[in-house]
Amino acid sequence: MQPNLAGKLVRLSALVKSKKKAYFILSLGELSPPDSQMGGHVSIIVQVPAQLVWHRALWPGRAYVLTELRASKIHGHRYRVWTTTPSSHLTPLEPECVRELDLDLELGRALLEADAKTLPRTSSIQERQEQKGLARDSTLLSYTGTVTAVLNQPAGLYELDGQLGLCLSYQQFHSLRRVVRPGVRLELQDVHLLQSVGGGTRRPVLAACLRGAVLLRGFSRLKPESQSSLHAWGAYLYEKLVWERQLGLPLYLWVTKALEELASKLCPHTLRHHQFLQCASPASPSLALQLLAPTLDVLAPPCVPSRNAHKEILEEPHRCPLQKYSRLQTPCSFPTLAALKEEGECKAWDSFDPKTLLSSPEVAHLTSCQLNQRLAWSWLCLLPSTFQPAQVLVGVLVASSHKGCLQLRDQSGSLPCLLLDKHSQPITDIRLIGCLVRVERFQLVIERKVKSSFPSWQELGMEGFIQDQGARVYVQFLLADALIWPMPRTFLPSATPSNRPQPEPSFPEVPHVGQSRLFLLSHKEALMKRNFCGPPGASAAVAKPTLSFHVSGRWLGGTQRKEGTGWGPPQLKGDENKDQKVLLIFMGPSVRWFEFLHPGQVYRLVAPGPPTPALFEEDESSCISQRPLELAGCTSCLTVQDAWILEHERSQDIPDLPGISKALPESSLTDLLSDNFTDSLVSFSAEILSRTLCEPLPAASGTKSGSTEARKGCVKITVAVEAADCEYPPHLDIYIEGPHLPRPLGLLPGARVYFKQLEKRVSRSHNVYCCFQSSTYMHVLSFPPETTVSVPLPHVYLARLLQGGQTPFQAIASCHIVSVFSLQLLWVCAHCTSLSVQGRCTHQSSTCPTQTSVSQASIRLLVEDGTAEAVVTCRNHQVAAALGLCPSEWTSLLELVRGPGKVALQFIGPEAQPESSAKTDEPLTLFLRSLCTSLSVLRPIELSFELERKPSKIIPLEPPRLQQFQCGKFPLLTHVNPRIQLSCLSIQEPEHSSSLGAFASSCSKTATKA
């Protein structure tokens, strides 16, 4: 006989649908006492298909009778449970028709028969968090409220009563998906309340697991929304995250937010929603999950077993993904490129402070022109950890045909980017164009350009002196730090959601019909605006400069035609054995290939369409005359057409190709630093030390004064040249002038760059410097380091600088000041640099907008360290250190000079001879003469210096000269090394005084006592 059960419905689970069957579990409790929900209860599984409709009719708190039940064993569960049979019935309870039993004594006998084998338990994420002491318990409760908003329907996220979040994704709520909308009233039984979940969610959240029930108690007046494919595929994806990954609610809420960010970046113009959310195959996750996988694999490893519905509903104590949780610190975010660019610019300008950009000791002596020139360019590098939360770059890599650079693009816009391959190699794989890129480790670079008119350093903290400001924002990263996925070629990325796909071919498709030809690239010229004459018969109107670049190389074999999926044999001609050098011109849309073309690489030039005879022969419409081609050693010139495609080929796959040297050609230091101008074009690798804006070079400027290019000025880059077996790399200045602007990406202090065919020049002071020319090629070898490590200057003897060979450009020497050669203190007008007397400019036709003056100072010292002598020039704040004056004494001295405007002393022999601007009997002159000959100046020092003239081979080292000294009555003749010319960087007092300094100090104390 099958028993019947009657009691109050104290718990109703969700309707669970598995691959085999659907079911739900209800629990009947005692009729009394009234709070019997907290007392004993019996669970009953309803799994007969015809009885599943009971789930909608049951009402917790009411009494029911279930007939003809049986006890069954459930796989994976320790105890037997009651289940319904096909003949079972559900009726409301009539108390007079039932007999009340003790649940523990009567019904427990059949159900509490434990299996002999105890099932193994697997630790879940929640248990591991509990062991670490990081988890907190959620609260089980019942709640009735009205849905006020749909936050994310596929993810099962809603808003209740305008103040609570509701998550239904931990149940299989397919039937409620279209029903739940604003206005619907829900009764929630046994749901979890989670507070302070983090992950970007601030409101408390109610979440229903499989044990709880979501009951419809009121309908909405609103019309249900139509179900799109986005909702279907999105719901499947979120369900997979909950059931297979067992994500806790804080992490699940973050995932839904991250997927919304990614979908807004990529869909629908870059990808359709189904391409983004749909799995390509059962073993391959969707693109959306692949983008989140690096983060999810750390926070929720996929090895956790799937949820067990029977255990989640029946087991005591209750365990489910919502039982334990910990507050989630948002791991990362996926901002749009436009938002990242805007935030980067805001951080750059918020951190822009003219006072901090200029060193405080030096800024007080700068004129208005110097001050504003140093503020004209600055840069800021932001790492992902700078942002809160950390930012992850996601975008489609495209090649711009308007700027010739690579860009990351999403629906909000584009962001220029600079990529490096492994081993400091440039990017050559053209298949990267059109791929989806995800980067966690990158550098967001903001180059600030400011046009200001600060009169002097005193106004740096005031507003109103910055006339114009702009910023160039780009990102640089290593290809090894990026995850790359090929994109479906149905859609091309557009700059904005409203734009249609760009006409430029962003994805290099391999044509089915066409012809091609291989060439080996030997040199690439700079990307710049060039003048081209029109073809014969063209309009006589003056053509505007066109953004373009040239490459030179040689053909490898003849033209090949498309045969199936490959290329046929080369078409042989009579001149195949000749060295067929060619000059290729890239202009217009074809400049998009600029970042992929590099010397020493083999490329295939592909022309889609029907074969055309002599297509890759010399271009008759080319506007390059024959004479430049002869000078370049090229036999033909060809303009690359817009529709042509480039493919990179591996040199080892090409037969009969001689070995290509991978080493970058570099000039020797002897050729670089000598006056040998047989070949004035030099090549080398170097580390950038500094970058500033300066005035155009007058001798090299090919533009008229006042022209737009001349007004732009030029960029001055100081580099340390890298050379093999060179302990102290020499420093050189490189100038990039107007016609080559905008400047290439990545020329930042700390970066390593390879330069090819820079023009070498020599200044009037015999310093070697280089200039960027139209034929110059460069590529970045490494980015600036994320953390700057200051390398101490080497400590040398002065005689080391006279030995030739490898000498440091900057160093430290422990030496002694022997004498002072000259001293000059003056005040000048900050605007026109004329002499300022008593704070007024002395220029005859003075039209200076302000009467602000700044102090300037210089001193020339003779120092020696026992091995050689050197003449050191100190300027401005370094003079105070040379004279041994504290800041207050130095300020007082400069104020005394403000009256006459200038005091200058020339020391010849033991006496000081002042210039005409200072009278010998003035107290100030007498004080300076006495100070410069006192032991407070003539003392041991630690001198940090740099060579006044950069190392070069142009002027040979002077040999030692014979000099006579008088020692008592006897003249002595000895060889004396030439004096070295140095510029002071800083002067420090020695930590341990030398014997000479100690002797001088003791003599001073003895004289004081006497």
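For the structure, check the block above.
Residue numbers restart at each chain and count upward from 1, following the sequence in its written direction. A pLDDT threshold of at least 70 governs which residues receive local features in this predicted model, and a stricter bar of 80 or more applies before side-chain atom pairs are shown or counted, although totals over entire chains, interfaces and linings include all residues. Remark: hydrogens and water are excluded; side-chain values derive from all non-hydrogen atoms of the structure.

Here the focus is the overall build of the chain. Runs of E in the DSSP output that reach at least two residues are strands. Runs of H or I that reach at least four are helices, and both are numbered from the N terminus. Tallying secondary structure elements over the chain gives 19 helices and 49 strands in all. Between buried and exposed lies partly exposed: a residue is buried under 20% and exposed over 50% of the maximum accessible area for its type, with that area taken using a 1.4 Å probe on protein chains only. Looking at the 1010 residues of the chain, the share that counts as buried comes to 48%. Within the chain, contacts between residues at least 6 apart in sequence are counted, and of these 74% link residues at least 24 apart. Total accessible area computed for the chain in this model is approximately 50,400 Å², and 53% of it derives from carbon and sulfur atoms. Here, residues are in contact when the closest pair of their heavy atoms is within 4.5 Å. Residue-level accessible areas treat just the shown protein chains as cover; the underlying method is Shrake-Rupley with a 1.4 Å probe.

Moving on to the pattern of salt bridges. Salt-bridge detection follows one rule: a side-chain nitrogen of Lys or Arg within 4 Å of a carboxyl oxygen of Asp or Glu. One pass over the structure, following the stated rule, counts 22 salt bridges. Among the salt bridges present, the one from D190 reaches R11, with a minimum N-O distance of 3.4 Å. Of the two residues, D190 sits in strand β13 (residues 185-194) while R11 sits in strand β1 (residues 5-12), which places them 179 residues apart along the sequence. For the pair shown, D190 and R11 are each scored as buried. With a closest N to O distance of 3.2 Å, E759 and R761 form a salt bridge. By relative accessible area, E759 is classed as partly exposed at 22%. For R761, a relative accessible area of 16% corresponds to the buried category.

Attention now moves to the nonpolar core. Remark: nonpolar core denotes a set of buried residues (Ala, Val, Leu, Ile, Met, Phe, Trp, Tyr, Cys) joined through side-chain atoms within 4.5 Å. The biggest cluster of nonpolar side chains holds 61 residues, and the ones touching the most others in it are L249, Y252 and F276. Contributing elements (two or more residues each) for this core: β3 (22-29), β14 (205-207), α4 (229-243), α5 (249-266), α6 (273-277), α7 (287-299), α8 (309-314) and β18 (393-399). Residue contributions to this core peak at 11 residues, all from α5. If we ignore the near neighbours within four places in the chain, the residues touching F276 are L259, L262, A263, L266, C267, L271, S286, L287, A288 and L291. With 51 residues, the next largest nonpolar core counts L432, V475, L527 and L638 among its residues.

Moving on: unusual backbone geometry. Across the junction of C267 and P268, the peptide omega takes the value 5°, indicating a cis bond. Mapped onto the secondary structure, P268 falls in the loop between α5 and α6. With an omega dihedral of -5°, the bond running from E316 to P317 counts as a cis peptide bond. Secondary-structure assignment places P317 in the loop between α8 and β16 (324-325). Of note, D190 is a non-glycine position whose phi angle comes to about 55°, a positive value.

Throughout, a disulfide means two cysteine sulfur atoms within 2.5 Å of one another. Enumeration according to the criterion identifies 0 disulfides in this entry. The thiol of C405 is not disulfide-bonded; the next cysteine sulfur, from C417, is found 7.3 Å away. Of the residues examined, C405 reaches a relative accessible area of 11% and is grouped as buried. Here C694 is not disulfide-linked; the sulfur of C714 is the nearest cysteine sulfur, at 3.2 Å. By relative accessible area, C694 is classed as buried at 16%.

A few words on empty space enclosed by the protein. Definitions used for this entry: grid spacing 1 Å over protein atoms alone; cavity, a set of points where a 1.4 Å probe fits but cannot get out; pocket, an open set with protein on both sides within 12 Å along at least 5 of 7 lines; lining residue, one with an atom within 4 Å of a point. Grid points are joined across faces, edges and corners, and a volume is the space filled by probe spheres set on the points. In this structure the tally under the stated criterion is 2 cavities of 30 Å³ or more. Approximately 80 Å³ is the volume found for the largest cavity. What lines the largest cavity is simply P154, S169, Q171, Q172, F173, H174, R177, A235, Y238, E239 and V242. Classifying every residue of the lining of the largest cavity by side-chain character gives 5 nonpolar, 4 polar and 2 charged. Amino acids are sorted into nonpolar (Ala, Val, Leu, Ile, Met, Phe, Trp, Tyr, Cys and Pro), charged (Asp, Glu, Lys and Arg) and polar (every other residue, Gly among them).

This paragraph deals with the sheet that holds strand β24 (residues 482-485). Pairing between strands is defined by DSSP: at least two bridges between them are needed. Strand order across the open sheet formed by 8 strands is β17-β22-β23-β20-β19-β18-β21-β24, with mixed pairing between neighbours. In this open sheet, the two strands that pair with only one neighbour each are β17 (377-382) and β24. Sheet twist, expressed as the mean angle between neighbouring strand axes with direction ignored, is 35°. With 5 bridges connecting them, strand β19 (residues 406-410) and strand β20 (residues 413-420) associate as antiparallel partners. By the bridge assignment for β20, D410 is matched with G413. Axis angles are defined between N-to-C directions and span 0 to 180 degrees, where every axis is a line fitted to C-alpha atoms and, for a helix, only to the segment in contact. Taken strand by strand, helix α9 (residues 337-350) contacts β17, β18, β19, β20, β22 (443-452) and β23 (466-478), and its axis lies near 50° from that of β22.

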